[in-house]
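What follows is each chain in one-letter form.
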Amino acid sequence: MEALLDKTTILDTIETEYKAFADLLAPLDGWQLTTPGVIGAWSIKDLLAHLTVWQKHLLMLLRETLEGTEPAPLDDHSVSDEMGYWDEQFYAAAKARPLNEVWAAFHATYAQVKQAIEALSEETLKDPRKFAWLDGEALQQIIASETYEHYNDHALAVHVWLADAE
């Protein structure tokens, strides 16, 4: 198990990785942001929509946690295909959205997630026994996978794609 972080470090890490990802994309033009092929058929715009959806999912989990309710699973698909299934649903739904709308949603959900994390206690973030639905994981591990680790994973894909385009 990886070392657990304090809330300040979690928030700082989220902000650092978010900024690094946004800075990577900032100099790109509309064509680069909407050209398919970054990850499969996905463009950078599609990656932003994907990140936004998973930030919204995290936000829902955090809100339910603060309310003291156990989050419902996404659906009854098997764990092995659940993420791919939902990613395809989100991709199809976001495909026609304008780039500026996708950017705005990405930034807005990022801010909302940070605000929700700020409302959590250290115990809520760190205690792997606090929530049975997490099967022994600390809440911060879910937060990491849906924020800074997720940004970093997709930043690596963008770096590779940009290098291949040169």
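Residues numbered from 1 in each chain as written. Predicted model: local features only at pLDDT ≥ 70, side-chain atom pairs only at ≥ 80, totals over all residues. Heavy atoms only, no water.

Moving on, we get to unusual backbone geometry. Even without glycine at this site, Asp135 takes up a positive phi of about 50°. Topologically, Asp135 is positioned in the loop between helix H6 (122–126) and helix H7 (139–146). In this structure Asp135 comes out as exposed when scored by relative accessible area, which is 70%. (Helix = DSSP H or I, 4+ residues; strand = E, 2+ residues; numbered from the N terminus. Buried < 20%, exposed > 50% of the residue type's maximum accessible area, 1.4 Å probe, protein only.)

With that settled, consider the environment of Lys114. Turning to its location among the elements, Lys114 is positioned in helix H5 (residues 99–118). For Lys114, a relative accessible area of 13% corresponds to the buried category. For Lys114 and Glu15, which are 99 residues apart along the polypeptide, the C-alpha to C-alpha distance reads 8.5 Å. Every residue in contact with Lys114, bar those within four places of it in the chain, is listed here: Leu11, Ile14 and Glu15. (Contact = heavy atoms within 4.5 Å.)

Here we come to the packing of aromatic side chains. For the coordinates displayed, the defined rule picks out 7 aromatic pairs. Both rings, one in Tyr18 and one in Tyr151, keep their centres 6.0 Å apart while their planes meet at 65°; by these two values the pair is edge-to-face. Placement of Tyr18 in helix H1 (residues 7–25) and of Tyr151 in helix H8 (residues 148–165) is noted, with a sequence separation of 133 residues between them. Judged on exposure class, the residue Tyr18 and its partner Tyr151 are both buried. Grouping aromatic residues by their ring pairs yields a cluster made of Tyr18, Phe21, Trp103, Phe106, Tyr110 and Tyr151. (Phe/Tyr/Trp six-rings, centres within 6.5 Å; stacked < 30°, edge-to-face > 60°.)

Take the nonpolar core next. Among the nonpolar cores identified, the biggest contains 43 residues, and Phe21, Leu25, Leu62, Ile143 and Val158 are the most heavily contacted of them. Of all the elements in the fold, those that place two or more residues in this core are H1, helix H3 (44–67), H5, H7 and H8. Broken down by element, the residue count for this core peaks at 9 residues, all from H3. Beyond its immediate stretch of four places on either side in the chain, Leu25 contacts Leu33, Ile44, Leu48, Trp103 and Val158. (Core = buried A, V, L, I, M, F, W, Y, C linked by side-chain atoms within 4.5 Å.)

Spatial relationships are all this shows, so hold off on functional conclusions.
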